[in-house]
Each structure stands twice: as C-alpha cells, then as structure tokens.
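# Coordinates in review
Residue strings, one per chain:
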Amino acid sequence: MSGGVLVVTGGASGIGLACAKAMAVAHDRVVLIDLNEDGLATAAAEIGEVGGSVVTFVCDVASSDAMLTLAAHIEREVGPVKTLVPSAGILQNASTVLGMDLDEYARVWDVNYHGTVYTVRAFAPAMTDRRLGAIVTIGSINSYGALPLPAYCPSKTAILRLTQILAVELGRFGIRVNGVAPGYVLTPALQARIESGDRDADMIRGAGAIDMFLYPENIADAAAFLCSDKAAAISGTMIPVDAGWEAATLYRNYAGGVPWEIDE
Ligand SMILES: NC(=O)c1ccc[n+]([C@@H]2O[C@H](COP(=O)([O-])OP(=O)(O)OC[C@H]3O[C@@H](n4cnc5c(N)ncnc54)[C@H](O)[C@@H]3O)[C@@H](O)[C@H]2O)c1
C-alpha cells in the first residue's frame, strides 16, 4: 500500500474518515472528497494528527462531469492515485416500494450506486495505465438480503455486483477490487437516533453473533487489509464486517424461531 495517493469519497465523516485515518500513513497524500465543507476541514485536522498529508475537495459524487474534472486535477496537481475508497453514501429510513418518496429513491441511487460508478470511471483509467492500485467499495448487510429499505437495499446489492464486475474488468490491469459490507455502525447519525429514542441500542448490539457495537474503525481495518499487500491474492470479494449479524439472523429464524430449549 505504500506511497501514492489515497482518495476517499465521503471522507468527511464516519466510515470514509475512518478509512482515511487507517490508511493515511501508508500513502504520500490523502484526498478527501465530500459535500460537507466544514466536515472536510475537521476531518483534515484529524488525519493531520495521525501523520497524514491531506488535501480536500468539495464535490458531488453524483455528478459524472464534476468527478471526471476533479480526478484529472488530482492526478495532475496532487499525485498518482493508488488507492480508492468510494464511501460517499446516504441512508434511508424504513419504507415500502409503494409508499416511498420518489425523489429520495432517485437520490439514494444517484449517490450510492451511480456515485460509486462515476468515481471509479473518473479515477480508474490512470490507475490501469500504471497497472497499480486497489479499490474498496462500501456495501452493506443490505448487499446480501432484503431489508425494508427499498432504495438503499437494492443500491447496496448493486454495489456487490459492481465490485465483482470491476474486479474482472480491472484485474487484467493489475488493479484489485474488493468491498466491505458493514452491519449497523455506531456513527454520529446512529448515535443521534439512539439518543432520540428512534433506535434501541440493546437490540442493535444484540442482533449479531457477537454482542458488540460496530465502530467505523472496525470497517476501516478490513478496508485497509483489502488494500494492503497482505491481500495481494484477494479480488472480487466483499467481506462482511457485521459481528456475525447475517449468520445470527438466519440461525435465529430457524423454523420461525430457534426452539427455546437450545436458545438457553
Ligand atoms: N453507518 C452504517 O451503519 C453503514 C452500514 C453499512 C454501510 N454503510 C455505508 O457506509 C458509507 C459511509 O456511510 P457512513 O455511515 O460513514 O455515513 P456518514 O454520513 O457518516 O458519511 C457519509 C459521507 O458522505 C458524504 N456524502 C453524502 N452524499 C455525498 C455526495 N453526493 N457527494 C459527496 N459526498 C457525499 C456525507 O457528507 C458524509 O460526510 C455509505 O456508503 C453507507 O451506505 C454505512
């Protein structure tokens, strides 16, 4: 992973910021791209504290033209991009296909899926020219099964397929493409929902195989591994970082609910 430029979209907050912090010292420069200008300034200061050299840009990943222009500028003025983490994303509250707001539906797809496609299309050509680099996408437990988030869930399923397609497409140029699939991560947004009573902390913590909260750093550790030389033989996969949520959810629904006598 050493040297080169690390680019993280959605880098002002949460998982993107944690990825930038985890991988900063292994790169010459860190580029954070986000819509939140104030957040970018705070994030840059935090990365500076761990020893990274940071440049920030305000840009909407949902604009293909803007991302192409920005990527050309970064390659020219900041340096050769080696590692790419398209983490910008927006969440959705539980809804139905018939009842959901169509503007929200479109925006979730524009940012989460199209934004990831546009980001890769902007940065990957220079990486393939150099035949060097790694990309880690951000999926979700939504990448694997149906949850009541009719825009967000399919957008994250699409990220899983996109990751596999890109791994094959870019693999012949020496670029590895993998993903991480987080469970419920205790970001400031989730913390606020717990404090307002909209989410139950004990239910979230207890839903996995391991009774724990996931923190952005847990996701970043997996992403950093996938970008490192330790993962030189790994491409086209998405690693769940969910404290065993997927396994536990299936298991506990056996026969409509695990029989009480073995659930003791
Ligand atoms: N938090 C979770 O529980 C969780 C679980 C699974 C997957 N994820 C995924 O992780 C990724 C990061 O989410 P997070 O939880 O860190 O959220 P977050 O809100 O803390 O960070 C997302 C960042 O993306 C930025 N952003 C949003 N739209 C943008 C746009 N159009 N252009 C540029 N930047 C934009 C936001 O300003 C924000 O700084 C997302 O893809 C999300 O879907 C999160």
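Right above here is the structure, for reference.
About the thresholds
- Residues take numbers from 1 onward in each chain, read along the sequence in its written order.
- Local features in this predicted model are restricted to residues whose pLDDT is 70 or higher, and side-chain atom pairs enter the listing and the counts only when it is 80 or higher, whereas totals over whole chains, interfaces and linings include all residues.
- Hydrogens and waters are ignored; side-chain quantities use all the structure's heavy atoms.
- By the criteria applied, helices consist of DSSP H or I runs no shorter than four residues and strands consist of E runs no shorter than two, each listed in order from the N terminus.
- Burial status follows relative accessibility: with a 1.4 Å probe on protein chains alone, a residue under 20% of its type maximum counts as buried, one over 50% as exposed, and anything between as partly exposed.
- One heavy atom within 4 Å of a molecule or strand is enough for the residue carrying it to be called near that molecule or strand.
- As used in this structure description, the phrase polar contact means that two N or O atoms lie within 3.5 Å; if the pair is within protein, one of them must be able to donate a hydrogen and the other to accept it, and residues adjacent in sequence are counted only when both atoms belong to side chains.
- Note that Gly is not counted as nonpolar here; it falls among the polar residues with everything else outside the nonpolar set of Ala, Val, Leu, Ile, Met, Phe, Trp, Tyr, Cys and Pro and the charged set of Asp, Glu, Lys and Arg.
- Any two strands between which DSSP finds at least two bridges are classified as paired.
- Axes here mean lines fitted to C-alpha atoms, for a helix over just the part in contact, with angles spanning 0 to 180 degrees between N-to-C directions.
- Should any heavy atoms of two residues lie within 4.5 Å, those residues are considered in contact.

A separate point is the side chain of T187. Its location among the elements puts T187 in the loop between β6 (176–182) and α6 (188–195). Here T187 falls in the buried class, since its relative accessible area comes to 17%.

Here we take up the site of the ligand. Not every one of the 27 residues close to the ligand is listed here, only the nearest: S13, I15, D34, D60 and Y152. A distance of 2.7 Å is found between an oxygen atom of the ligand and a backbone nitrogen or oxygen belonging to I15. Between the ligand and the protein, one listed contact pairs a nitrogen atom with a backbone N or O atom of C59 at 3.5 Å. Secondary structure elements with two or more residues in the shell around the ligand: α1 (14–23), α4 (102–130) and α5 (152–171). Split into classes, the residues belonging to the shell around the ligand amount to 13 nonpolar, 10 polar and 4 charged.

Moving on to unusual backbone geometry. Positive phi outside glycine occurs at R131, with the angle close to 55 degrees. With respect to the helices, strands and loops of the structure, R131 is situated in the loop between α4 and β5 (134–138).

Our next topic: the sheet that holds strand β7 (residues 238–241). A sheet is described by the order of its strands in space; here 7 strands give the open sequence β3-β2-β1-β4-β5-β6-β7, paired in parallel fashion. Looking at which strands have only one partner, the edges of the open sheet turn out to be β3 (54–58) and β7. Ignoring which end each strand starts from, the neighbouring axes of this sheet average 15 degrees apart. Here 4 bridges tie β6 to β7, and the two strands are oriented parallel to one another. Along β7, the bridge assignment pairs V180 with I239. On top of the sheet, α1 reaches β1 (5–9), β2 (29–34), β4 (81–86), β5 and β6; it is set at about 170 degrees to β1, its chief contact. With respect to the sheet, helix α8 (residues 216–227) is in contact with β4, β5, β6 and β7, its orientation differing from that of β6 by roughly 165 degrees.

Without other data, these values stay purely geometric and don't point to any function.
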